[in-house]
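Residues per chain, in single letters:
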Amino acid sequence: MKKIFTAALLLTASLSFGQNMKKEKMTVAYIQPPMVHLEEGMGYTSQVILDYEEEINAELAKAEEEYQQALAEYPEKEAAAKAAYDQRYAEYEKALEEWNSKGTMGKIIEKQVLENSKPNAPGSYYPPSKPYKRQVTHQKLFNADQLASTYCRIEGLNQDPNGVQIEVHLFGFENDDPVVKKKEYTQVDSKTKAKKTIVKSHWEFNYRHSMSLRAVHPNGTIIFDEVPSSIADYKLYASADETRSHPSTNANTFVENLQPKIVETNMGIINWMLNDKLGTTEQKRDVQIIFVKNKKGEYDDLENAMFDAKEGYNMLTSRPDEAKAKIASAIEAWEGALEEGDMNDKKARINKKVIPDLYKNLLLACALTEEFTKAEDHYNATLRLDFSRGDEKDLKETMLLVNDLKERHQK
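Conventions we followed
Residues numbered from 1 in each chain as written. Predicted model: local features only at pLDDT ≥ 70, side-chain atom pairs only at ≥ 80, totals over all residues. Heavy atoms only, no water. Helix = DSSP H or I, 4+ residues; strand = E, 2+ residues; numbered from the N terminus. Expected span 1.5 Å × (residues − 1). Polar contact = N/O pair within 3.5 Å; in protein donor to acceptor, adjacent residues only side chain to side chain. Pairing = 2+ DSSP bridges. Buried < 20%, exposed > 50% of the residue type's maximum accessible area, 1.4 Å probe, protein only. Contact = heavy atoms within 4.5 Å. Core = buried A, V, L, I, M, F, W, Y, C linked by side-chain atoms within 4.5 Å.

Trainee: How would you summarise helix α6 (residues 251–278) if you had to cite specific residues and measurements?
Mentor: Between its first and last C-alpha atoms α6 spans 41 Å; for 28 residues at 1.5 Å apiece the expected length is 40 Å, and the two agree. Capping of α6 at its N-terminal end is provided by Asn250; its side-chain oxygen lies 2.8 Å from the backbone amide nitrogen of Asn252.

Written out as structure tokens, the structure reads:
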């Protein structure tokens, strides 16, 4: 009976801290400073430059010049054609007069021998075709001002012609010659089980529209000048498969349709880069606050810390001072819990199942409240502990946020 009672006590003790971890998921909004800090009150002005437009304009100008020259030469050409026609008609009239002057017998003999050589009148006179301007086929030209106003706005900065000069250069759409890709498939009839070979085909080609982003300080210093690899690198386009030996749609259709799409995509990247470097932006991040399912008040401190952190995260952009106070309260609770932590005692209230998640909570909270030194100290403490690979990975990912925000705030 004594042994049974002892076993029951041990079971009760082991169950009392049988931690069931819970995650409160939410999206937190926070203010992200720029990577490059400008002088107080510094503004910006931006422009988009289509570098490839010059070549197109040159070809259009050449076509116009050819057309104007042809127009200038046309009167002389038309007069020469009319003069040539008039000469042929005069020759015809002379020949006709000579033919009419022949005797009747001569005409009979001539008809029999020469198959009637009566002269034929020239056809009606038609002037030469008037000149036309040749069509210049070229890639799409975009509205540079519209691109600048849409994609070159910097959050947190005012537009100022005397501020930082932003230039985005578009170098033009490029693509390989499209090729047809074919593949054979075996198709089995579900009823007859008969097999037949079908051919599917599609177009493939590489393409890009390279761009550069440049920012120049009013004093002439180049702040940055980049050709983003994500924009400069070629991408592979493959059209949808068709059950036929050759695609039904002309490849040029796909090439033309891609031109506005790639510019929209790339200018979106330019916009992100501009605001990442120079803008003060509101960012949103999906996060989770981890706590222990609270049984009989055993984890009131962690549950309350979760509520404090959640309330603080929700106020970060609207009431930052109150938000930081709430989050500081959560940090204090988590740090207090860690002080009683024991990685070697499974029965401890704060054991190795709970400790990693407390550190995850702390790193995130410290990052969002600019407590970067404290975040680094806590992370360094985890390096001495035997955490799982998954926990180590989660902590490293949060430290990326810590380091990024630290760099932005301390410049």
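After that view of the structure, there is still more to cover.
Trainee: I'd love a proper account of the pairing of strand β3 (residues 164–175), names of residues and values included.
Mentor: Looking down a regular strand, the side chains alternate between one sheet face and the other. Pairing geometry for strand β2 (residues 44–50) and β3, over seven bridges, is parallel. Counted as the bridge partner of Ser46 is Ile166 from β3. Sheet analysis places β3 next to strand β5 (residues 195–216), joined by nine bridges and oriented antiparallel. Of the residues in β5, the one forming a bridge with His169 is Ser212.

Trainee: Describe the side chain of Asn275, with residues and values.
Mentor: Mapped onto the elements, Asn275 comes out in helix α6. Accessibility expressed as a relative area gives 7% for Asn275, which makes it buried. Beyond its immediate sequence surroundings of up to four residues, Asn275 is in contact with Arg153, Ile154, Glu155 and Thr281.

Trainee: Run through the nonpolar core, naming residues and quoting values.
Mentor: In terms of nonpolar packing, the biggest core is built from 44 residues, with Leu302, Tyr313, Leu316, Trp334, Ile350 and Leu358 touching the most fellow members. Mapped by element, the contributors of at least two residues to this core are β1 (21–32), β8 (281–292), α7 (300–314), α8 (320–339), α9 (355–368), α10 (372–382) and α11 (389–409). Residues within four places of Ile350 in sequence aside, it is in contact with Tyr299, Leu302, Ala337, Glu340, Gly341, Asp342, Ile355 and Leu358. Core analysis: the next-biggest nonpolar cluster, separate from the first, contains 38 residues, Leu157, Val164, Phe173 and Ile270 among them.

Trainee: Give me the lowdown on the environment of Val292, citing residues and values where you can.
Mentor: Among the secondary structure elements, Val292 is positioned in strand β8. Since its relative accessible area comes to 1%, Val292 is described here as buried. Along the chain, Val292 and Lys22 lie 270 residues apart, while their C-alpha atoms are 5.7 Å from each other.

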